[in-house]
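# Observations on chain architecture
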Amino acid sequence: MSATCPLTSMFLRAIAVLLLICELTCVADDNAVVVRGTCDYVTRPGTALQSYSARYNFEVSLAGCDWVIRYEDTAALTNSGVLNTMAVGSYDGTNIYFVQFQNEQAIRTAWGRRYDSVKNQLPVAVAQIFPGDYPPPTLFPLQKLWFALASRCILSNSEGEIKPCSYVDLAIFYNDPRFRCSYKWIVDSNESDSQHLILKSRGYFFRRDPRNGKVFYDKLRPPFDRGFTNGIATWRNLTNVGGFVVPRTFTFTEYFPQMQPNGSVSSNLLATYSYNCCITNIQLGVMPKVPFPLPQGRVDITDRRYIGSGYAQIAYVSKVGWLSPTSSTVAMRLQNSRKSSLEAEELSVSGGEDNDRSWSRYVVWTLLGLPFCLFGVWWFGKVKQS
């Protein structure tokens, strides 16, 4: 008996150690770095032409290359008429899931007395799914917060290429390989706790003809035809938390050549917009579920996971959360939806070639029907006279 007790004790200790290791491993898998703060956005910074500004409160959770970013415009905190309140974007390694929560008070005000009779038919949120790891510019605040705090897996090399932080339509963003700029990390030996990132344009700019949708890739005039600095980002007061290097402050400014009234280009760069983020809290926490869960109730979803298969989007309603590509609802929508490119979608929004064709068809049918209308008027007059 005395011989077996030590063995039993050693066995139990081994089991306890294994359970402890398992527990620590499971906790480590759930651990995330959680960053909170505020971010200020302004157009034309430092000039009399400053035309728009906004402030966002945010919370960013990071685990590996996955991220969850929550934010809200502070204007929604004091204005009950703002429709969209908090928004959450999340990335699961393949797709980006974005949900915009609706302000019930604003909806109630808009519907008035009819609200109680229609509220069960109204969405509690609207959601979108995008392919890839880089938030599109249509999700402007999300893209900027991602760039500031969650882009490390994209900007992992000392230098390389990336999509610029400029606004373009989704067709250019996803389909045009020319929409790229170079980046390079700069480390100042005098600022050991800071990092700088320089984005450099190739000396071109994009524009789309709204009449036919054609994209022009125009070369800028000298000296900018050889390229120019189109963005500078700075991370300051860096600290390492859970393997993530997180700043206390972040700034980014986008630049573009200044155009003169006569159409020429000066030798100066104009700051088009900037955003400044102040991190007020950094801690370890539990990573939220990815993709971030949808709220209970009706959610209208625009799904863009099938751009590569020829579907710019499919739309459907869900009351049971995010739907997988194998769900019957998604499969049915794909089966019953017409294929359409992002370019065609952009034309339909901007009133381009597709709308022109619709107008042309309308004119043609009107002209064809005019003789019959005139004949009907003549015949009706004859009958009335008789």
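Residues numbered from 1 in each chain as written. Predicted model: local features only at pLDDT ≥ 70, side-chain atom pairs only at ≥ 80, totals over all residues. Heavy atoms only, no water.

## Description of the pattern of salt bridges
This model, assessed by the stated rule, comprises 13 salt bridges. Salt-bridge contacts for Arg208 lead to Asp169; the nearest nitrogen and oxygen are separated by 2.8 Å. Of this pair, Arg208 sits in strand S10 (residues 204-208) while Asp169 sits in the loop between strand S7 (159-162) and helix H6 (170-175), and the two are 39 residues apart along the sequence. On the accessibility criterion, Arg208 (18% relative accessible area) is buried. With a closest N to O distance of 2.9 Å, Asp209 and Arg211 form a salt bridge. Among the residues examined, Arg211 registers a relative accessible area of 59% and is labelled exposed. (Salt bridge = Lys/Arg side-chain N within 4 Å of Asp/Glu carboxyl O. Helix = DSSP H or I, 4+ residues; strand = E, 2+ residues; numbered from the N terminus. Buried < 20%, exposed > 50% of the residue type's maximum accessible area, 1.4 Å probe, protein only.)

## Overview of helix H5 (residues 140-149)
Most of H5 sits out of view: nine of its 10 residues are buried. Looking at H5, one finds that the buried residues are Pro141, Leu142, Gln143, Lys144, Leu145, Trp146, Phe147, Ala148 and Leu149.

## A look at empty space enclosed by the protein
Applying the stated rule across the entire model yields one cavity of 30 Å³ or more. Reported here for the largest cavity is a volume of approximately 70 Å³. For the largest cavity, the full set of lining residues is Cys39, Tyr41, Tyr56, Phe140, Pro141, Lys144, Leu145 and Tyr275. The set of elements that each furnish at least two residues to the lining of the largest cavity consists of strand S1 (31-43) and H5. Of all the elements, H5 adds the most residues to the lining of the largest cavity, at four residues. (1 Å grid on protein atoms, 1.4 Å probe; cavity = no way out; pocket = protein on both sides within 12 Å on 5 of 7 lines; lining within 4 Å. Points joined across faces, edges and corners; volume = space filled by probe spheres on them.)

## Focus on the nonpolar core
The biggest cluster of nonpolar side chains holds 55 residues, and the ones touching the most others in it are Phe58 and Phe147. It is H5 that contributes the most residues to this core, six residues altogether. Excluding anything up to four places from it in sequence, Phe58 contacts Val35, Arg36, Gly37, Thr38, Cys39, Arg70, Tyr71, Leu145, Leu149, Cys277, Cys278 and Ile279. Counting 23 residues, the second largest nonpolar core, distinct from the first, contains Ala32, Val88, Phe101 and Phe292. (Core = buried A, V, L, I, M, F, W, Y, C linked by side-chain atoms within 4.5 Å. Contact = heavy atoms within 4.5 Å.)

## Observations regarding the state of the cysteines
One pass over the full model with this rule turns up two disulfides. The disulfide partner of Cys39 is Cys277, and the S-S distance across this bridge is 2.4 Å. On the S-S bond that ties Cys39 to Cys277, the torsion sits near -55°, and the link is left-handed. Residue Cys39 is found in strand S1, and its partner Cys277 is found in strand S16 (residues 265-286); the two are separated by 238 residues along the sequence. The same class applies to Cys39 and to Cys277, which are both buried. In this model Cys65 forms its disulfide with Cys153; the gap between the sulfur atoms is 2.0 Å. Looking along the S-S bond of the Cys65-Cys153 disulfide, the torsion reads about -90°, which is the left-handed sense. Of this pair, Cys65 sits in the loop between strand S2 (53-63) and strand S3 (66-73) while Cys153 sits in the loop between H5 and S7, and the two are 88 residues apart along the sequence. A relative accessible area of 31% places Cys153 in the partly exposed class. Should the bonded cysteines of the protein be numbered as they appear in the sequence, the pairing reads 1-4, 2-3. (Disulfide = S-S within 2.5 Å.)

## What to know about the confidence of the model for the protein
With 79% of its residues at a pLDDT of 70 or more, the protein shows a mean pLDDT of 82. Here residues 1-29 scores under 50 on pLDDT; set against residues more than four positions off or in separate chains, the count is zero contacts. Predicted confidence is poor over residues 353-375, with pLDDT under 50, and the contacts of this stretch with residues over four places away or in other chains come to 10 contacts. (pLDDT = per-residue confidence, 0-100.)

## Quick notes on the side chain of Arg304
Within the element layout of this structure, Arg304 appears in the loop between strand S17 (299-303) and strand S18 (314-318). The residues contacting Arg304, other than those within four sequence positions of it, are Ile129, Phe130, Pro131, Leu170, Ala312, Gln313, Leu342 and Glu345.

## Looking at the environment of Lys289
Here Lys289 is to be found in the loop between S16 and S17. Judged by relative accessible area, which is 62%, Lys289 ranks as exposed. Each C-alpha atom of the pair Lys289 and Val68 lies 8.6 Å from the other, and the pair is 221 residues apart in sequence.

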